[in-house]
Amino acid sequence: IHTPCYFNSAMKYAAAFLLLSAHRAHSFSLVPQRTAPHPAHRSPPLASSSPRKTCATQLFSATAISADGAHNGETENLDSLNINYGPAITLGKLKINLLGAIFGVWEVFWGVFYWYPAMTLYGLSRTISSKLPGNLMQKIDPYRRIPICVAYIWALLSYTPFRMWPVLEGRENLEMLREVDENGKKGKLKPAMYVANHCSFMDIPFVAWVFGFLNYKMIAKAELIKVPILGRAIQVGGHVMLNRTNRRSQMVAYKSGVQWLKDGVNLVTFPEGTRSKDSRLGSFKKGAFKMAQAVGVPVVPMSIHYADKVQPLDYAFPAKCSRTRPKAVIKIGKPIMTDGKSDDELLEEVWRAIADELPESQKPAKDTPVWVK
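Rules of the game
- Residues numbered from 1 in each chain as written.
- Predicted model: local features only at pLDDT ≥ 70, side-chain atom pairs only at ≥ 80, totals over all residues.
- Heavy atoms only, no water.
- Helix = DSSP H or I, 4+ residues; strand = E, 2+ residues; numbered from the N terminus.
- Buried < 20%, exposed > 50% of the residue type's maximum accessible area, 1.4 Å probe, protein only.
- Contact = heavy atoms within 4.5 Å.
- Areas by Shrake-Rupley, 256 points an atom, 1.4 Å probe, with all protein chains shown as cover.
- Axes fitted to C-alpha atoms, helices over the stretch in contact; angles between N-to-C directions.
- Parallel < 35°, antiparallel > 145°, perpendicular 65-115°, else oblique.
- Left-handed = near helix turned anticlockwise from the far one by under 90°.
- Nonpolar A, V, L, I, M, F, W, Y, C, P; charged D, E, K, R; others polar.
- Arc of directions from axis to C-beta.
- Expected span 1.5 Å × (residues − 1).
- Pairing = 2+ DSSP bridges.
- Core = buried A, V, L, I, M, F, W, Y, C linked by side-chain atoms within 4.5 Å.
- Salt bridge = Lys/Arg side-chain N within 4 Å of Asp/Glu carboxyl O.

1. Details of the overall build of the protein
For the protein, the helix and strand inventory stands at ten helices and 14 strands. Within the span of the protein, comprising 373 residues, buried residues form 48% of the whole. Taking the contacts inside the protein whose residues are at least 6 apart along the sequence as the reference set, 76% of them involve residues at least 24 apart. Accessible surface for the protein amounts to roughly 18,700 Å². Of this, 59% is attributable to carbon and sulfur atoms.

Quick look at the structure:
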């Protein structure tokens, strides 16, 4: 039976994706995995904690030992940060527990049979269209919104059954960006630079949940191009790629980001530049803020809670659902205007806005510099 070439390629990518975590594996063990006590445990107790409970998550969720933690202005319960993810397979440097294994198969299935073929078809259609008179695809989708919608549908199919979406708070703050005509009729949201802390791979789909079907572009590190399926989506989606060690790449990324903002497309970035190793907010880099100032668009601070508890750094896939304690939360802050502010002033204001809304275990360590080169 003859199979389409894209199907064979998709299967290869799926296999590569599943084996990515096993690259250069030195061990294969099946042992109970428990997170190490968070550094916050070494500090004096913030408040008396409620009795420990055993919570069973719903559909496809692993059993986790947690306590009633709080995320909405209440004192953080430190017991809820010490989570039992259950037995896990160790492949090289990464782990996969039962929930992660089931989720991984489900996620890759939709990536192979929906996301990858759709992105391949979209990229092919743009290539062909660019060689024909009129360039029809450029007229139909000048700002590459179709790949964003396709990716969001994939995320809905993959994440919703496992309750992986975070709680969103502060969405009403975005109304400050709403266009209003002289008759008081509300229009679309004005473009902005969205900035968030970064401590887990889950930060990326969590931020996508904020936008839904709205168009946006991520400022992403160039290494992500090598990730199966995701790399293709990044390329055809027109996201801004940045090689942090290459000055020319930085200039190209800057110009591309500024152009997207001028075209009315939102930008999203994690200005720490990499995932935090201890979950705490780190120092920011200035590039994204220079882009926002160049175009005069506001910066929207977003504080992401406990994404690292959903998928710790040493796990290949999510290890628990987002809606069990401690719940994953995104707090959307009020847009910060760029007019009349220097780079340093704008960056510090955004940094402090994000830090103020983080739980104690994710707040920046003492003497953390606000920015670095």
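2. What about the packing of helix α2 (residues 98-130) against helix α4 (residues 146-159)?
The contact between α2 and α4 brings their axes to 9 Å, and the two run at 165 degrees. By the angle class used here, α2 and α4 are roughly antiparallel. Note that α2 runs across α4; the crossing there is right-handed. Each of Phe103, Trp106, Glu107, Trp110, Gly111, Tyr114, Trp115, Ala118, Met119 and Tyr122 in α2 lies in contact with α4, whose residues at this interface are Ile146, Pro147, Val150, Ala151, Ile153, Trp154, Leu157, Ser158 and Tyr159. When grouped by side-chain class, the residues that make up the contact of α2 with α4 number 16 nonpolar, two polar and one charged.

3. Regarding the environment of Ile336
Turning to its location among the elements, Ile336 is positioned in the loop between β14 (329-332) and α10 (343-356). Sequence-wise, Ile336 and Met193 are 143 residues apart; in three dimensions their C-alpha atoms are separated by 9.7 Å. Aside from chain neighbours lying at most four places away, what touches Ile336 is Pro298, Val299, Pro301, Lys341, Leu346, Glu349, Val350 and Ala353.

4. What about helix α8 (residues 287-295)?
Listing the buried residues of α8 in full gives Ala288, Phe289, Met291 and Ala292. Projected onto a plane normal to the axis of α8, the buried residues spread over an arc of 155 degrees and lie on a single side. At its buried positions, α8 is contacted by β9 (193-196), β10 (216-221), α7 (247-262), β12 (266-269), β13 (299-305) and α10. Gly296, located one to two residues past α8, shows a positive phi value of around 80 degrees.

5. Some points on α4
Across its 14 residues, α4 extends 20 Å between first and last C-alpha, which sits within 8% of the 20 Å expected from 1.5 Å per residue. By the criterion of burial, α4 is predominantly enclosed, with ten of the 14 residues buried. When α4 is considered as a whole, its buried residues turn out to be Pro147, Ile148, Cys149, Val150, Ala151, Tyr152, Trp154, Ala155, Ser158 and Tyr159. Lining the buried residues of α4 we find α2, α5 (203-211), β10 and α6 (230-237).

6. A word on the sheet that holds strand β6 (residues 167-169)
On the basis of which strands lie adjacent, the open sheet formed by seven strands has the order β6-β14-β13-β9-β12-β10-β11 and mixed pairing. Each of the sheet's edge strands pairs with one partner strand only, and the pair in question is β6 and β11 (240-242). With strand direction ignored, the average angle separating the axes of adjacent strands in the sheet is 20 degrees. Relative to β13, β9 runs parallel, the two sharing four bridges. By the bridge assignment for β13, Ala196 is matched with Met302. Its contacts with the sheet place α7 against β9, β10, β11 and β12, and it is angled at close to 160 degrees to β11. On top of the sheet, α10 reaches β9 and β13; it is set at about 30 degrees to β13, its chief contact.

7. Digging into the nonpolar core
Nonpolar side chains tend to gather and get buried jointly when the protein is soluble and globular. Ranked by internal contacts, the top residues of the largest apolar core, which has 52 residues, are Trp115, Tyr194 and Met302. Of all the elements, α2 adds the most residues to this core, at eight residues. Look past the residues within four positions of Trp115 in its chain and what remains in contact with it is Trp110, Val150, Ala151, Trp154, Ile229, Leu230 and Ala233. Counting residues in hydrophobic clusters, the runner-up holds 27 residues, among them Trp260, Phe284, Ala292 and Val299.

8. Details of the pattern of salt bridges
Going through the model one piece at a time under the given rule, you end up with eleven salt bridges. The shortest N-O distance in the salt bridge between Lys331 and Glu169 comes to 4.0 Å. Here Lys331 is found in strand β14, whereas its partner Glu169 is found in strand β6, with 162 residues between them in sequence. For the pair Lys331 and Glu169, a shared accessibility class is recorded, and that class is buried. Here Glu175 makes a salt bridge to Lys186, at a shortest N to O gap of 4.0 Å. Pair noted here: Glu175 is in the loop between β6 and β7 (178-180) and Lys186 is in strand β8 (residues 186-189), with a separation of eleven residues, a long-range link. Through salt bridges with shared partners, a single ionic network connects Glu169, Lys331 and Glu357.

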